[in-house]
There are 2 protein chains.
Amino acid sequence: MAGSRYSGKDSPGSKSNYDVDYVIHYVIPPEEAAEAEASFSQLITALSSAGFATEVRRARKPSSLLVFVRLASDRLLRSQVYRSRVQDWLYGVRAAAPAPVPTSDEAAQRDSEDKEEEEEPVTEAERLRIAYLLITQPRNEGGAGIVTAQSAGGHGQWRFVKSIFPLHDHAFNREWLTQWSTKYSLEDADIEAIRGRFGERVAFYFAFMQSYFSFLLFPAAFGLAAWMMLGKFSWFYALVNCLWSVVFFEHWKMKEVDLAVRWGVRGVSRIQHPRPQFQFERESVDPVTGEIVKVYSPFKRLARQLLQVPFAAACMVVLGGLIVGCFAIEIFITEVYNGPFKQYLTFLPTILLTLFMPTFTTLLTKLAERLTDMENYETHDAHQASFVQKIFVLNFITSYMGIFLTAFVYVPFGKILVPYLDVFQLTAQKFTADAKPLPTKRWEINPDRLTKQVIYFTVTAQVVNFATEVIMPHAKRKVFKTVEKVQSELSEKTAEPVKDSPEEADFLERVRDEAELEEYDVTIDYREMVIQFGYLSLFSVVWPLTACSFLVNNWIEARSDAVKIATNCQRPIPWRADSIGPWLDALGFLSWLGSLTSAALVFLFHGSNGGPDGSPADIRGWALLLSILFAEHLYLVVQLVVRGVIRKLDSPGLQKEKAERFAMRKQLLEKMMERDISEETSGPGVSGAEKITKASLEEEARKLSVAGEGRPEQLFWLRQRGASETIQVGRSLIAEAAGNYTKAK
Amino acid sequence: MAGSRYSGKDSPGSKSNYDVDYVIHYVIPPEEAAEAEASFSQLITALSSAGFATEVRRARKPSSLLVFVRLASDRLLRSQVYRSRVQDWLYGVRAAAPAPVPTSDEAAQRDSEDKEEEEEPVTEAERLRIAYLLITQPRNEGGAGIVTAQSAGGHGQWRFVKSIFPLHDHAFNREWLTQWSTKYSLEDADIEAIRGRFGERVAFYFAFMQSYFSFLLFPAAFGLAAWMMLGKFSWFYALVNCLWSVVFFEHWKMKEVDLAVRWGVRGVSRIQHPRPQFQFERESVDPVTGEIVKVYSPFKRLARQLLQVPFAAACMVVLGGLIVGCFAIEIFITEVYNGPFKQYLTFLPTILLTLFMPTFTTLLTKLAERLTDMENYETHDAHQASFVQKIFVLNFITSYMGIFLTAFVYVPFGKILVPYLDVFQLTAQKFTADAKPLPTKRWEINPDRLTKQVIYFTVTAQVVNFATEVIMPHAKRKVFKTVEKVQSELSEKTAEPVKDSPEEADFLERVRDEAELEEYDVTIDYREMVIQFGYLSLFSVVWPLTACSFLVNNWIEARSDAVKIATNCQRPIPWRADSIGPWLDALGFLSWLGSLTSAALVFLFHGSNGGPDGSPADIRGWALLLSILFAEHLYLVVQLVVRGVIRKLDSPGLQKEKAERFAMRKQLLEKMMERDISEETSGPGVSGAEKITKASLEEEARKLSVAGEGRPEQLFWLRQRGASETIQVGRSLIAEAAGNYTKAK
């Protein structure tokens, strides 16, 4: 099975990583051997200049090499860590300035090493991140300037660099998988461990999973109760479900900030990593910093961004057309057609879908990638956000359109539309060249269709997904390995077998395995979860058990994602992140849309309002729209309220941050105050100020007597000398007024 | 006229303010003379302890005093200014730490005075704000702890302090009014001048006015064109108007931030002034700061906040009932009734409205104040925001409900509802005791009613408003003054006349005038503008000339508000602010609601869709709802887009802030780098790192030889010594692969 690597004993090569930071997989196309050789020298020189130690070994295929890379000196690491922490501080990511790492001489360094280690240890993730940045940063920033062929578009100096990847920590992975497979729920410590190894970006995904899983408990329990007591299409279930999705969404928004603060990465998204592929039009001087920046016309970019509209339309037409077509054929065959080969023809739409859907999706994803490349963003994050947007549109259509069709076209308008399906009949007749009409049965709307479809998407599809995600790649790898073995056995006659030194043979074998794994892309996992959330938010009113199914699925999903990272993918580069990024907007959108669809579904299908047998004439359009309008505004109001309440709650992370900032402020203020007191003996205290008043008045009077006759302004303030005289005069005035009063009486 | 004070020559008392910072108006109820006397001594002592010089004089009424207050020493002012600026810095309001004001000895102070003055002058507004804080802050914070009777609820030690106000700067006021009355449009410098005198809170109002005024130019021009070419209820006008309101709203949100940054007050709302009236339930330790804080149960507060719902309902019932009642009577009398006294009875609803509306509004405002007090907020801002919310509900009903009734009840449902107005007829018949029915005419919906009403609210009501705001108080004061004169002449027999020293008599007379003016409340002016914006956003599709009327009105309004501040009100205490506060939400709400009402109005009244003569049966409910739904979502999408675009634009203020922060960062980073370079000679540069690599490798090898046989990890990294060996080995491997390839061929 998938986790088999860790099921038995440690394989001999996985005990140690031999201090390797990164492995560079270098592929030499035999017809370009000379170029590859020249480029290889440059590669090693660049790495060495940037401060890396290198070793080269054969890869599995004779035409590729593995370059092992390691930060040569601890001093370089420490200085880079310090630099990165200072940058964090300057960008406001961390509140306190980092303690400088002493680098004056070896002894001092060793002395304070333990202390520094105690105060703020360099985690493995931090080390790997900094090493990766050093490998990929441009040379003028002190890096080696190496990019993989894929991210450079297959061109340029480094087109032979297939991948740059860190090695798995197999001891950790083994413990991780063993632990997770035996415990019911994930704890903060588990997420923390992931963060230390795989960085905040991956940790955020698991934190989201954990949060989502524990939030799912409520709709699962409530859904079960609703399924038993309220049945389908209950408005009460819809209301509670919407409320839940609002609470979940707002809670996650806060949780995200809280985590970012606790992990010390809040605002990390402001520190942008430039995309090496970015092509600038001209250089100009930044009005703020005075530095020279590379500029690409925002209008050109906007023009290209507008291509998203035709892209969405194309998705709609291609995927939508496929879905509608298959839908129509399916209905015709299963519910109208009654002729020969029915038992075979039933599979036709499924076959069409399984054939064309992945093809079209792959093509459109490629198109989305191309479009995003064309938009030419300066930074990784902007690029990724734009790509995620397109992917979301794609997945929205493939995932939800079938159900939308059933709920809002097939059921209400079926009676009008189904007669048009005769077109199939006519086509079929043409081919059979038979005069008599094909046998059909009287058509009726199938009331269970919607429920069946929802169950399919929320149960069957999840299982299929699991299989393709975890089992497939494993099986594929097994097969490939066997094929390769056979191939290499065949080619053994021409090439000598790879000879490794016996003490590193196992290790190299293992690295060769890892080199062939795919890169881990957290986007795919997020997408799966967000689309799943969509089913719950949009359609769970059709089948309240949805959340139960997801609860079970997600328990497995978290574990299978762990297995995927540990065994089916290369170890991810531990990037930092301060949120789940563009998926947050997608979640918010689905949560909002859920209020509309739930209201519409309840209205259309609940008991008396038309029901599955109703025809569009029976549906009161204004009432439907009114209920949608009402539901949406209720949703927006509830969202405002929930947001207000959740903002008032203090999260531990924010409290910690506040406390830190307060401490800093207090310290500074105390320093100021001390100086204040030491320099000025008489502050605005109760006792001292009186003296000031008198002293300054006397001084003023002295000046006045020198200058001769005073101005009226000065005379005005000298009428009552000091507070006591003012009191005296005031008293007499008050007494006078009181006297007048008694006299008047 | 209103500005008459500045129309002739300076009155003799207004030339100078005699260095007075604040005047405290102290009122002695004759029956409490003893308590007032004791309290007066305490007042003067407290002021004197806080560092103020004091003088006392008679007020106009013999039973009240004027206490003149002045910061006694320049040193105190400077130390307080410095303290306040340090606080700003610590709260992140200002980027750079303030230069400390030298206070060591008199000479040093004088030396650097000019320098400091140059760098960051203390504006009059700053001086007055700090003096006011010193008067009102609690004693343990170094202030005098004095609160006015009104804000203390008429209780406590200081219940005789009627008001604390600064004196007008008449030279400035005169120039201000003269300038503004002669120029067409306000410039940034004008706003800046106001900011220096009256503080940011007032300046923000005028900045908003200025921004709103210049934005009005577009809908005024477009409205005129639409009125001539498109007529009423044009969907195109509605669309453009909505778009305009979105752009205006989003633009102002950015402008607000920009101004706050330029004025150095961004984030000032975080520095909260505690409300003296706040009553705490218990004291607890703040988990963040470790300080003791006063706590009021948030649940209790929430329970009291929920009273807003019955409050809104009460407003709805009372004011709504009044409006509906008068509306019904009016329709009955003008459009149905045809009997005797018709010419007199026509005025009945107007009379009822003018009698009861202000009474009810005043009562409900009092209730709103009471409710807000009950909610017991810790800070002024929270209190004010909650009060503004209630006031907005109140004004929303009084301002818009009449038009809503006409548009969405009278016109569509008139034919159904008007027959019920017979109840008036029956009542009338009972009183007349006449058997024969009163003469009525056949009723028809008056199609011009809606337009007339909108014109009334957008033209007539604005003029009336102007009159009540500026002319009325002036006239009232004149009358009161005459009455008082007569009274005092009558009472002259009992009390001696007030005798002032001749050199300060004019000045005192002027201060006595100012003491009787009202406090300026910027909330009222904001309310007026926000409600006006509402008419434009909600109903201008009925009468596209609305914006033209507002354009004229607002030109006058800005000037009349200046006149109001300068002559009809006490000089406002120059508070700081970083936005227009709670009114921003109100603006956003009205802008959003505008998309709904405009769509509904266009649908109901535009040409073929029913028209003014239509009955509800003709209106297709679903189409109405669909158009509203569509308009709203179009609005929300447009808002998102506009927000996105506007965020990309850099405002001058934000650019300035960014440049400052960048400069600070750069400076710090350079310092760090310098240390880096000086301490570590070989950075990760191109030339130096190679040495490190070799050196460390050699060292490692040495260690290894000492320790005997190396571990496989160590051996692994020693196979290729340095980059050159790696390159060599790599080359041979590549050559081998290429060889295999050619052999295989």
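Preceding this paragraph is the structure being described.
Residues numbered from 1 in each chain as written. Chains lettered and ligands numbered in written order. Predicted model: local features only at pLDDT ≥ 70, side-chain atom pairs only at ≥ 80, totals over all residues. Heavy atoms only, no water.

Topic: the overall build of chain A
Right, so step 1: For chain A, the helix and strand inventory stands at 23 helices and six strands.
Right, so step 2: Taking all 745 residues of chain A together, the buried fraction comes to 49%.
Right, so step 3: Considering only residue pairs separated by 6 or more positions, chain A has 78% of its internal contacts joining residues 24 or more positions apart.
Right, so step 4: Just so you have it, chain A exposes about 35,700 Å², and 62% of that area is on carbon and sulfur atoms. (Helix = DSSP H or I, 4+ residues; strand = E, 2+ residues; numbered from the N terminus. Buried < 20%, exposed > 50% of the residue type's maximum accessible area, 1.4 Å probe, protein only. Contact = heavy atoms within 4.5 Å. Areas by Shrake-Rupley, 256 points an atom, 1.4 Å probe, with all protein chains shown as cover.)

A few points about the packing of helix α12 (residues 380-417) of chain B against helix α16 (residues 522-539) of chain B
Axes are the key here: two packed helices are described by the angle between their axes and the distance separating the axes.
Residues and elements named next belong to chain B.
Right, so step 1: Following both chains from N to C, one finds α12 and α16 inclined at 40°, their axes separated by 10 Å at the closest point. By the angle between their axes, α12 is oblique relative to α16. As α12 runs across α16, the sense of the crossing is right-handed. Taken together, the residues of α16 that come into contact with α12 (itself represented by Gln384, Val388, Ile391, Phe392, Asn395, Phe396, Ser399, Tyr400, Ile403 and Phe404) are Thr523, Arg527, Val530, Ile531, Gly534, Tyr535, Leu538 and Phe539.
Right, so step 2: In the contact of α12 with α16, the residues fall into 12 nonpolar, five polar and one charged. (Axes fitted to C-alpha atoms, helices over the stretch in contact; angles between N-to-C directions. Parallel < 35°, antiparallel > 145°, perpendicular 65-115°, else oblique. Left-handed = near helix turned anticlockwise from the far one by under 90°. Nonpolar A, V, L, I, M, F, W, Y, C, P; charged D, E, K, R; others polar.)

Quick word on the environment of B:Arg270
All names here are of chain B.
Right, so step 1: For Arg270, the location among the structural elements is in the loop between α7 (235-262) and β5 (282-285).
Right, so step 2: With 253 residues separating them in the primary sequence, Arg270 and Asn17 have C-alpha atoms 33 Å apart.
Right, so step 3: If sequence neighbours within four positions are ignored, Arg270 has contacts with Tyr91 and Gly92.

Description of unusual backbone geometry
Residue and element names in this part refer to chain A.
Right, so step 1: Despite not being glycine, Phe233 has its phi angle at roughly 55°, a positive value.
Right, so step 2: For Phe233, the position within the fold is in the loop between α6 (188-229) and α7 (235-262).
Right, so step 3: Residue Phe233 is classed as buried on the basis of its relative accessible area of 9%.

Topic: the sheet that holds strand β2 (residues 52-58) of chain A
Residues and elements named next belong to chain A.
Right, so step 1: A sheet is described by the order of its strands in space; here four strands give the open sequence β2-β3-β1-β4, paired in antiparallel fashion. Edge positions in the sheet fall to β2 and β4 (161-165), since each of these pairs with one other strand and no more. Taken over all neighbouring pairs, the strand axes of this sheet differ in orientation by 20° on average, direction set aside.
Right, so step 2: Direction of pairing for strand β1 (residues 22-27) relative to β4: antiparallel, over a ladder of four bridges. Across the sheet, residue Val23 finds its bridge partner in β4, namely Phe165.
Right, so step 3: Sheet contacts for helix α1 (residues 33-49): β1, β2, β3 (64-71) and β4; angle to β3, the most-contacted strand, approximately 10°.
Right, so step 4: Contacting β1, β2, β3 and β4, helix α15 (residues 502-515) runs over the sheet at an angle of about 105° to β3. (Pairing = 2+ DSSP bridges.)

A short note on the sheet that holds strand β3 (residues 64-71) of chain B
Residues and elements named next belong to chain B.
Right, so step 1: Pairing within the open sheet is antiparallel, and its four strands lie in the order β2-β3-β1-β4. Each edge of the open sheet carries a strand with a single partner, namely β2 (52-58) and β4 (161-165). In this sheet, adjacent strand axes meet at a mean angle of 20° when their direction is disregarded.
Right, so step 2: Relative to β3, β2 runs antiparallel, the two being bridged by seven bridges. From the neighbouring strand, Ala53 faces β3, where its bridge partner is Arg70.

Here's the deal with the pattern of salt bridges
Right, so step 1: On inspection of all chains with the given rule, the structure shows 60 salt bridges over all chains.
Right, so step 2: Two residues, B:Asp513 and B:Arg60, come together in a salt bridge whose shortest N-O distance is 3.0 Å. Placement of B:Asp513 in helix α15 (residues 502-515) and of B:Arg60 in the loop between β2 and β3 is noted, with a sequence separation of 453 residues between them. Each of the two residues, B:Asp513 as well as B:Arg60, counts as buried.
Right, so step 3: Put simply, B:Arg301 and B:Glu378 hold a salt bridge, and the shortest N to O gap is 3.4 Å. With B:Arg301 in helix α8 (residues 298-305) and B:Glu378 in the loop between α11 (348-375) and α12, this pair connects stretches of sequence that are 77 residues apart.
Right, so step 4: A residue is classified by how much of its surface remains accessible, and B:Glu378, at 30% relative accessible area, is partly exposed.
Right, so step 5: Three or more residues are tied together by salt bridges with common partners; here these are A:Arg60, A:Lys481, A:Glu509, A:Arg512, A:Asp513 and A:Glu516. (Salt bridge = Lys/Arg side-chain N within 4 Å of Asp/Glu carboxyl O.)

A word on a nonpolar patch on the surface
All names here are of chain A.
Right, so step 1: Residues Leu224, Trp227, Met228, Met229, Leu230, Trp235, Phe236, Leu239, Phe630 and Leu634 make up a contiguous nonpolar surface patch of roughly 1,100 Å² in combined accessible area.
Right, so step 2: Those elements that place two or more of their residues in the nonpolar patch are α6, α7 and α19 (621-648).
Right, so step 3: If one sorts the elements of the nonpolar patch by residue count, α6 sits on top with four residues.
Right, so step 4: Considering the arrangement of structural elements, one finds Phe236 in helix α7. (Patch = residues over 30% accessible without salt bridge, like charges linked within 9 Å, V, L, I, M, F, W, Y side chains within 5 Å.)

Observations regarding helix α4 (residues 124-136) of chain B
Right, so step 1: In this model, α4(B) (13 residues) spans 18 Å end to end at C-alpha, consistent with the 18 Å of a helix rising 1.5 Å per residue.
Right, so step 2: Most of α4(B) is tucked away, with 10 of its 13 residues classed as buried. (Expected span 1.5 Å × (residues − 1).)

Quick look at the packing of aromatic side chains
The description of an aromatic ring pair uses the distance of the two centres, along with the angle that the planes make with each other.
Right, so step 1: Counted under the stated rule, the structure contains 90 aromatic pairs over all chains.
Right, so step 2: Aromatic pair A:Phe396 and A:Phe404: ring centres 6.3 Å apart, planes at 35°, arrangement tilted.
Right, so step 3: By relative accessible area, A:Phe396 is classed as buried at 18%.
Right, so step 4: Between the aromatic rings of B:Phe589 and B:Trp592, the centroid separation amounts to 5.8 Å while the plane-to-plane angle is 40°, which identifies the pairing as tilted. Note that B:Phe589 and B:Trp592 are positioned in helix α18 (residues 583-605) at a spacing of three residues, about one turn of the helix.
Right, so step 5: Note on B:Phe589: relative accessible area 34%, which makes it partly exposed.
Right, so step 6: A cation over a ring is seen here: A:Arg70 above B:Trp717, with NZ or CZ 4.6 Å from the ring centre. (Phe/Tyr/Trp six-rings, centres within 6.5 Å; stacked < 30°, edge-to-face > 60°. Lys NZ or Arg CZ within 6 Å of the ring centre and 35° of its normal.)

Some remarks on the packing of α7(A) against α19(A)
Residues and elements named next belong to chain A.
Right, so step 1: Where α7 contacts α19, the axes come no closer than 10 Å and their chain directions differ by 40°. The orientation of α7 relative to α19 falls into the category oblique. Taken as a pair, α7 and α19 cross one another with a handedness that is right-handed. Contact residues: Leu239, Leu243, Val246, Val247, Phe249, Glu250, His251, Lys253 and Met254 in α7; Leu634, Tyr635, Val638, Gln639, Val642, Arg643 and Ile646 in α19.
Right, so step 2: Taken together, the residues that form the contact of α7 with α19 break down as 11 nonpolar, two polar and three charged.

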